[in-house]
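# Coordinate analysis (summary)
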Amino acid sequence: MQATINQGKRCSTSKAFLTPARKRKNLTVKTNALVTKIDIVDKKAVGVYFQHHGKEYMVKVEREVIVSAGTVASPQILMLSGIGPKEHLKQHGIDYIADLPVGKNLQDHVFAMMSARCKPGSGLSTLKSAGSLLSKMKYIFLKKGPLTSNGLEATAFITEEGTKDTSVVPDIQIMYLPFLIPMDTTKEEMAGFKSKELQRCFLGLDSITEDVTDIEGVTLLPVLLHPKSQGEIRLRSTDPEDHPVINPSFLDDPSDTDVLVKGLQQLRKLMETEAMRPFEFKLQNMQIPGVSNDENSDENLAEYVRHFTTCVYHCVGTCKMGAKDDPTAVVGPDLRVNGIDGLRVIDASIMPTITSGNTNAPTIMIAEKGVDMIINQ
């Protein structure tokens, strides 16, 4: 698996791009600052208002403003500045400058977790061994061992029907982690199980107190690559410190649930193949009370998906890029906000549709392309 790791350490875009440029005279970095709005005069971005250590400042710009606050915060900043759905802005008493579908088209990858225990001594990791003193020493002094990994050791792309035809576009990504992940037991009740029983029942533990982090096994995450469900971002208020309303609308389209069900069924078949038999995998219990006697039935797995699906934090699309005549677009192919001079959005929010895989590298590519367009304009 490719990852943004350098010499055993996570290498973020900040480390890779910003840190080497910190001493440049034409660069000023303000941390713990909050952008409150963009100053727009006669349909042109002329400055940015922001708060820093309790004081408000306004910075004038000579060329253009670049918004790179991400899929959630970029639309919030635009709407606070008067760029967004006209009726929504009016509800909050904001004078609209450009009536654009900002905040719409929210998309994210989602997955339904599946786990399997294996026989002891199979060579797989446990969370406890990964966090052991020996593991930490290997990481600190040799930059080796499990702590140099992001945990995702392998991936596969498959279709819901399991076809081997390479011309068919995959609709499921399988993420493989070589250890068991404890289930969320913070809720009082989930899927008919009391929180104390949830982890024991689904991971096949001998008792409620058995330590999941010390059991060998694997966690498999079938990820929905092409969700048809779309959510939106909306303002909660005109206060920039108020988090916006995030309505992801996961699984609103029934076909998304259907694809994840097929993905789980494909995984169950995979774990029963000849190649997997030496590990003696014991699949987790996926039976939802009162649904179906057949654990692998569409009905039972659909209910499992509805209860245990969560997002991959790959959200995109809320400042959609499109052609100039596209009424659903917020920015054009040059990433300029439609109808506003001197303002671009350059982050994952401009993706028209979510990518068929992880969004980290594509987002970096968007930034690289945006820089190239700015320099060569």
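In this report, we go over the structure that sits alongside the text. Each chain has its residues counted from 1, running along the sequence as written. Given that this is a predicted model, residues contribute local features only at a pLDDT of at least 70 and side-chain atom pairs are listed and counted only at 80 or more, while totals for whole chains, interfaces and linings are drawn from all residues. Hydrogens and water are ignored here; the side-chain numbers use all heavy atoms of the structure.

### Quick look at the pairing of strand 5 (residues 55-60)
Going by this rule: Strands were regarded as paired on the criterion that DSSP finds at least two bridges between them. Strands here mean DSSP runs of E at least two residues long; helices mean DSSP runs of H or I at least four residues long; both are numbered from the N terminus.
Note that strand 4 (residues 44-52) and strand 5 share six bridges and pair antiparallel. The partner of Gly 47 across the bridge, within strand 5, is Lys 60. Counting the residues between successive antiparallel strands, the hairpin from strand 4 to strand 5 contains two residues, one of them, His 53, with a positive phi of roughly 55 degrees.

### Description of the sheet that holds strand 4
Selection rule: Fitted lines through C-alpha atoms give the axes, limited to the stretch in contact for helices. The angle between two N-to-C directions lies from 0 to 180 degrees.
If you walk across this open sheet you meet the three strands as 3-4-5, and the pairing is antiparallel. Taken across any chain shown, the strands that pair with only one partner, and hence form the sheet edges, are strand 3 (33-41) and strand 5. Each strand of the sheet is rotated relative to its neighbour by a mean of 25 degrees, with strand direction disregarded. For strand 3 and strand 4, the ladder comprises eight bridges, and the chain directions are antiparallel. Paired with Asp 39 across the two strands is Gly 47, which belongs to strand 4.

### Side note on the nonpolar core
The test is simple: We define the nonpolar core as a collection of buried residues of types Ala, Val, Leu, Ile, Met, Phe, Trp, Tyr and Cys that are connected through side-chain atoms lying within 4.5 Å of one another. Relative accessibility decides the category of a residue: with a 1.4 Å probe and only protein chains considered, values under 20% of the type maximum give buried, values over 50% give exposed, and everything between is partly exposed.
Grouped together as the largest cluster of nonpolar side chains are 34 residues, with contacts concentrated most on Ile 38, Leu 78, Ile 83, Val 337, Leu 343 and Val 345. Elements with a minimum of two residues in this core: strand 3, strand 4, strand 6 (65-67), helix 2 (70-80), strand 20 (343-345) and helix 9 (360-375). Tallying contributions element by element places helix 2 first for this core, with four residues.

### Quick word on unusual backbone geometry
One non-glycine residue, Leu 251, lies in the positive phi region at around 65 degrees. Within the element layout of this structure, Leu 251 appears in the loop between strand 17 (245-247) and helix 7 (254-271). Even without a glycine there, the phi angle at Leu 335 is positive, about 70 degrees. Residue classification places Leu 335 among the buried residues on the basis of a relative accessible area of 3%.

### Regarding helix 9
Because each turn of an α-helix spans 3.6 residues, side chains separated by three or four positions in sequence point in the same direction. Selection rule: Multiply 1.5 Å by the residue count of a helix minus one, and that product is the helix's expected span. By definition, the arc is the one covered by directions from the helix axis to the C-beta atoms. Residue contacts are counted whenever heavy atoms from the two residues lie within 4.5 Å of one another.
The terminal C-alpha atoms of helix 9, which comprises 16 residues, lie 23 Å apart, in line with the 22 Å expected from a rise of 1.5 Å per residue. Taken as a whole, helix 9 has its buried residues at Pro 362, Ile 366, Gly 370, Met 373 and Ile 374. Down the axis of helix 9, the buried side of the element spans an arc of 120 degrees, and every buried residue falls inside it. Along helix 9, the residues that are exposed and aim more than 90 degrees away from the buried face are Met 365 and Ile 375. Lining the buried residues of helix 9 we find strand 6 and strand 20.

### Here we look at the environment of Gly 217
Summarising the element assignment, Gly 217 is placed in strand 15 (residues 217-224). Assessed through its relative accessible area of 0%, Gly 217 is described here as buried. In sequence terms Gly 217 and Ser 229 are twelve residues apart; their C-alpha atoms lie 32 Å from each other. Setting aside its immediate chain neighbours within four residues, Gly 217 contacts Ala 116, Arg 117, Cys 118, Leu 124, Ser 125, Pro 178, Phe 179 and Leu 180.

### Quick word on empty space enclosed by the protein
Put simply, the test is: Space inside and on the surface of the protein is sampled on a 1 Å grid over the protein atoms alone, with a cavity defined as a set of points where a 1.4 Å probe fits but cannot get out and a pocket as an open set with protein on both sides within 12 Å along at least 5 of 7 lines; lining residues have an atom within 4 Å of a point. Grid points are joined across faces, edges and corners, and a volume is the space filled by probe spheres set on the points. Only Asp, Glu, Lys and Arg are considered charged in this grouping, and only Ala, Val, Leu, Ile, Met, Phe, Trp, Tyr, Cys and Pro are considered nonpolar; every other residue, Gly among them, is considered polar.
Within this structure, the stated rule accounts for one cavity of 30 Å³ or more. Taken as a whole, the largest cavity encloses approximately 60 Å³ of empty space. Lining the largest cavity, in full, are Leu 106, Gln 107, Asp 108, Val 110, Leu 224, Pro 227, Ser 229, Pro 248, Ser 249, Phe 250, Leu 251 and Asp 256. Within the lining of the largest cavity, the residues separate by chemical class into seven nonpolar, three polar and two charged.

### Structural notes on the packing of aromatic side chains
For clarity, the threshold we go by: Centres within 6.5 Å make a pair out of two Phe, Tyr or Trp rings, where for Trp the six-membered ring is used; the pair is then stacked when the planes are under 30 degrees apart, edge-to-face when over 60, and tilted otherwise. Look at NZ for Lys and CZ for Arg. If either is within 6 Å of the ring centre and within 35 degrees of the ring normal, a charge sits over the ring.
Scanning the model with the defined rule gives three aromatic pairs in all. Geometrically, the ring pair formed by Phe 279 and Phe 281 is stacked, given 5.3 Å between the ring centres and 20 degrees between the ring planes. A residue is classified by how much of its surface remains accessible, and Phe 279, at 28% relative accessible area, is partly exposed. Cation over ring: Lys 143 sits above Tyr 139, and NZ or CZ is 5.8 Å from the ring centre.

### Topic: the environment of Asp 341
Within the secondary structure, Asp 341 is located in the loop between strand 19 (309-311) and strand 20. C-alpha separation for the pair Asp 341 and Val 65, spaced 276 residues apart in sequence, amounts to 9.4 Å. Setting aside its immediate chain neighbours within four residues, Asp 341 contacts Lys 43, Lys 44 and Ala 45.

### A word on the side chain of His 314
Looking at where His 314 falls in the secondary structure, it is placed in the loop between strand 19 and strand 20. His 314 gets classed as buried once you look at its relative accessible area, which sits at 8%. With residues near it in sequence (within four places) discarded, His 314 still touches Gln 107, Asp 108, His 109, Met 175, Ile 354, Gly 357, Asn 358 and Thr 359.

Note that all results are geometric; they support no functional claim without further evidence.
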